[in-house]
Amino acid sequence: MGNVPEVLEIKGIVEESETVRTFIFDWDFRSEIVPGQFVMVWNFSDEKPMSVSLIDHKRSEIGISIRRVGEFTSAVHELGEGDLLGVRGPYGRGFELMGRNLILVGGGIGMAPLAALADEAVARGMNVDALVAARTADELLFTERLENAGVNIHTCTDDGTCGFQGFAHERLSEMDVKYDMAAVCGPEPMMFHVKAVLDERGIPAQFSLERYMKCAVGICGQCCVDGTGWRVCAEGPVFWDHELRGVSEFGRYRRDAAGRRISW
Ligand SMILES: Cc1cc2nc3c(=O)[nH]c(=O)nc-3n(C[C@H](O)[C@H](O)[C@H](O)COP(=O)(O)OP(=O)(O)OC[C@H]3O[C@@H](n4cnc5c(N)ncnc54)[C@H](O)[C@@H]3O)c2cc1C
Ligand code: FES
């Protein structure tokens, strides 16, 4: 698959929560695809970036998990099995795995790329812990799927309806297990605070950033970040901790479709 969308039939839909659905497609794996990469999804009127949340080589399938937030995502949620979507990609730099002991820290829909990463890490024989965070119990994502895959789950909710009551970085600072690396995805203020805890512990970490994307192939400049000028769609969306030190806007602001700054 290249830079032109391929029209694919929705093969299956998994209801993950009240607001999140996973859409499954047949995928021929002609081009390599790694956890942390994303595809552009086109509903024949608009196009948006979505992380790949499932990579199943055995069944030749991929999945994307979409949280209903606005016009585009609501329209996609209206679709059923057998309906069509355009998909182009995969794009961007995904996660790298190293060592034996991995911790995943995911907030809300940020768990999507981490779910695909967990599957790969388990398949490689790594010990995987996941700190799954959400506002409330019903919004905790992929806990059953990951538990079945052999991941140790720690949950944390803002309202205390499941697991630790509080934020992911507060839960993380209570955990004194040593990890060879961490992979983090979620709201940027969450990642900012989680990064501080991981930095303090000296745990190498990778973070998946979200920026407004239009072309997804590094041409339009829409997703460039201040400090380095890196294009999140091409040099990212996954960055190492030491790389983020140069991204002056990390944890402070992002830009909307018109390029205006929006504080987190
Ligand atoms: C690399 C990457 C991976 C993503 N993976 C997922 C995923 O797996 N699941 C998921 O539900 N969401 C994912 N998103 C976010 C998703 O693309 C947007 O939230 C979604 O397009 C919002 O669409 P909407 O029209 O329904 O909502 P709107 O109400 O139009 O937008 C809500 C917010 O979404 C963001 N957004 C809107 N359009 C874009 C765009 N073209 N690029 C980036 N952000 C945008 C803006 O911050 C906006 O304020 C990802 C974004 C990026 C950049
Ligand atoms: S979205 Fe166009 S350069 Fe990244």
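Since the structure is predicted, the reported quantities are computational estimates derived from the model, not experimental observations.

**Remarks on the side chain of D256**
If you trace the backbone, D256 turns up in the loop between strand 15 (253-255) and strand 16 (261-263). Here A258 takes part through its backbone nitrogen, which lies 2.9 Å from a polar atom of the side chain of D256. Beyond its immediate chain neighbours, meaning those up to four positions away, D256 contacts Y212, Q222 and I262.

**Observations regarding the pairing of strand 2 (residues 12-15)**
Bridge analysis of strand 2 against strand 3 (residues 20-26) gives 4 bridges, and the strand direction is antiparallel. Residue E15 lies in a different strand from strand 3, and its bridge partner there is R21. Between strand 2 and strand 3, which pair antiparallel and follow one another directly, the connecting turn spans 4 residues.

**Describing helix 5 (residues 188-201)**
Spanning 14 residues, helix 5 covers 20 Å between terminal C-alpha atoms, matching the ideal 20 Å at 1.5 Å per step. Contact partners of the buried residues in helix 5: strand 8 (101-107), helix 4 (168-174), strand 12 (181-185), strand 13 (205-208) and helix 6 (241-244). Backbone geometry just after helix 5 places G202 at a positive phi near 70°.

**Remarks on the site of ligand 1**
The environment of ligand 1 is made up of 20 residues, and the closest members are K48, P49, S65, R67 and T73. A distance of 2.8 Å is found between an oxygen atom of ligand 1 and a backbone nitrogen or oxygen belonging to R67. G70 places a main-chain nitrogen or oxygen 3.1 Å from an oxygen atom of ligand 1. Relative to its unbound accessible surface of 860 Å², ligand 1 loses 79% to contact with the protein. Those elements giving two or more residues to the shell around ligand 1 turn out to be strand 5 (47-56), strand 6 (61-67) and helix 1 (71-77).

Quick notes on the rules
- Residues numbered from 1 in each chain as written.
- Chains lettered and ligands numbered in written order.
- Predicted model: local features only at pLDDT ≥ 70, side-chain atom pairs only at ≥ 80, totals over all residues.
- Heavy atoms only, no water.
- Helix = DSSP H or I, 4+ residues; strand = E, 2+ residues; numbered from the N terminus.
- Polar contact = N/O pair within 3.5 Å; in protein donor to acceptor, adjacent residues only side chain to side chain.
- Contact = heavy atoms within 4.5 Å.
- Pairing = 2+ DSSP bridges.
- Expected span 1.5 Å × (residues − 1).
- Near = heavy atom within 4 Å.
- Areas by Shrake-Rupley, 256 points an atom, 1.4 Å probe, with all protein chains shown as cover.

Treat this as a map of the structure, not an account of what it does.
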